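Structural description and commentary
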Amino acid sequence: MDRNLALEFVRVTEAAAIAAARWIGKGDAKKADGAAVDEMRDRFNQIDFSGTVVIGEGQKDEAPELYTGEKIGTGKAPIMDIAVDPLECTDSVAHGRYNALSVIASGPRGSLLSAPDTYMEKIAVGPVAKKVIDLDASVATNIRRAAHALGKKTSEMTVVVLDRERHHTLIHDIRKAGARVRLITDGDVAAGVAPCMPESGIDILMGIGGSAEAVLAGVAIKILGGEMLCRFKPKNEHHAELVKKAGLTTKKIYSANDLAKGRMLTFTATGVIDGPLLHGVRFLEKTIVTNSLVIRGQSGTVRYLTTHHHMR
C-alpha cells in the first residue's frame, strides 16, 4: 500500500461521525447507527481500493450495508481486508453519554481476524507492560505486574471496565488489589487502545466485550506496540457454534499478532462524543469540527487531526 489510505479513510469516519452526531441525545440508537452506516458506505465507494468487510454490521441477512463479506471501494488496487464500526457505542449517542467513535481498521487480504459477532474475555496494556500480562493470571497479579513494569504503585493504576453485571466480581477484585476502576457504559475499542496512549490516564483494559471490538482495537494496539490477549467467551450454544464454524476455538488465547498480522495496517477513528481517545463532533454556527486519530503501521506514525468542515 504505497498510498496512505488511512488518510483517505479519515474522510469516511469524519462523515460517519458527523451523521451520527446529529442524533446525540435523541433516544434513537437505530437511526444514529443507520445514519453512520449510510454515510460510511457511500464514502467508501468513492475511494480507489478493493475492500472486503471482514468485521462489519453482521451477516448479509442481518445488515443491508457493510455486512461481513461485502465488497466496497471502486474495485481497483490495493486489495484489502476492512473492519468497521460506523458507530461504536450507539446507546451512548442515543442517550448523550460519554465515549463514541466511528472506526475503520484495514490491512492486506488475510491480515485481519474474521471473527463471528460474539464475546471475548480481554486484557490490554501498552508497550511497556506487554510482556507481563497473562489472561489466566489473577486480577491482582496482572495489576501488580503491570504496575511494576510501569514504575507505579498499584494504587496509582487505573483499569477501565465495561459497566456490566457480569463484571461485578472483576470490579471487586480490581478494587481489592488497590487499583482504581474507570467504568464505561459502552464500547471498548477506545478503552482497549487507551493504555497505549500515556495521556489517556488508562493503564489496563479488563473484562468481557465484543469480538469485533477486539479486532478493531487489536489493529491499533499492534501498531502501537502494546498487547491485547483475548479468548472467545460465547454467551450461549448458538454463539459457540458460530465460533466453531469460523474455524476458531474457545480454548486459544489470541494475541494482538493473531488479531492483526504484519505491518501494513491502518487504524482510523473519529470521535462522535468525547471519550478517552478523542473529542467528539462540535457543531458551531457555520462550522462542524471533528477530531480524528490516524495510525499507520508501515510508517509508524500517529496523527491527530482537527478538521473544520465549513457548511455551505
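Below: a short report on this structure. Every value quoted in this text rests on a predicted model; they were computed, and no experiment measured them.

1. Things to note about the nonpolar core
- In this structure, V193, V219, M228, Y254 and F267 are the most contacted members of the largest nonpolar core, which totals 49 residues.
- Among the elements that make up this core, the one with the highest residue count is helix α7 (residues 211-224) (ten residues).
- Discounting chain neighbours no more than four positions away, the residues touching F267 are V103, I104, A105, V189, V193, L216, V219, A220, I223, L293, V294 and I295.
- Core analysis: the second largest hydrophobic core is formed by 30 residues, L5, M40, F44 and F49 among them.

2. Examining the sheet that holds strand β7 (residues 180-184)
- The five strands are arranged β7-β6-β8-β5-β9 in an open sheet whose pairing can be described as mixed. If you trace the sheet from one side to the other, it starts and ends with β7 and β9 (227-232), each paired once. Averaged over all neighbouring strand pairs, the angle between strand axes comes to 20°, with direction disregarded.
- In this structure, strand β6 (residues 158-162) lies alongside β7, joined through five bridges in parallel fashion. Bridge pairing in β7 places V160 opposite R182.
- Its contacts with the sheet place helix α4 (residues 139-150) against β5 (119-125), β6 and β8 (204-210), and it is angled at close to 135° to β8.

3. Brief notes about the pairing of β9
- Here β9 lies mainly inside the structure; six of its six residues are buried.
- Relative to β9, β5 runs antiparallel, the two sharing six bridges. Paired with A124 across the two strands is M228, which belongs to β9.

4. A look at the packing of aromatic side chains
- Under the counting rule described, the total for this entry stands at four aromatic pairs.
- Judged by centre distance (5.6 Å) and plane angle (80°), the ring pair of F9 and F44 falls under edge-to-face. Taken together, the residues span a long stretch of sequence, with F9 in helix α1 (residues 5-21) and F44 in helix α2 (residues 29-44) at a distance of 35 residues.
- With centroids separated by 5.9 Å and ring planes inclined at 50°, the aromatic side chains of F44 and F49 adopt a geometry described as tilted. Comparing F44 with F49 shows no difference in burial state: the two are buried.
- Three or more aromatic residues joined by ring pairs make a cluster, and in this case those are F9, F44 and F49.
- Against the face of W23 rests K26, its NZ or CZ located 5.6 Å from the ring centre.

Calculation rules
- Residues numbered from 1 in each chain as written.
- Predicted model: local features only at pLDDT ≥ 70, side-chain atom pairs only at ≥ 80, totals over all residues.
- Heavy atoms only, no water.
- Core = buried A, V, L, I, M, F, W, Y, C linked by side-chain atoms within 4.5 Å.
- Buried < 20%, exposed > 50% of the residue type's maximum accessible area, 1.4 Å probe, protein only.
- Helix = DSSP H or I, 4+ residues; strand = E, 2+ residues; numbered from the N terminus.
- Contact = heavy atoms within 4.5 Å.
- Pairing = 2+ DSSP bridges.
- Axes fitted to C-alpha atoms, helices over the stretch in contact; angles between N-to-C directions.
- Phe/Tyr/Trp six-rings, centres within 6.5 Å; stacked < 30°, edge-to-face > 60°.
- Lys NZ or Arg CZ within 6 Å of the ring centre and 35° of its normal.

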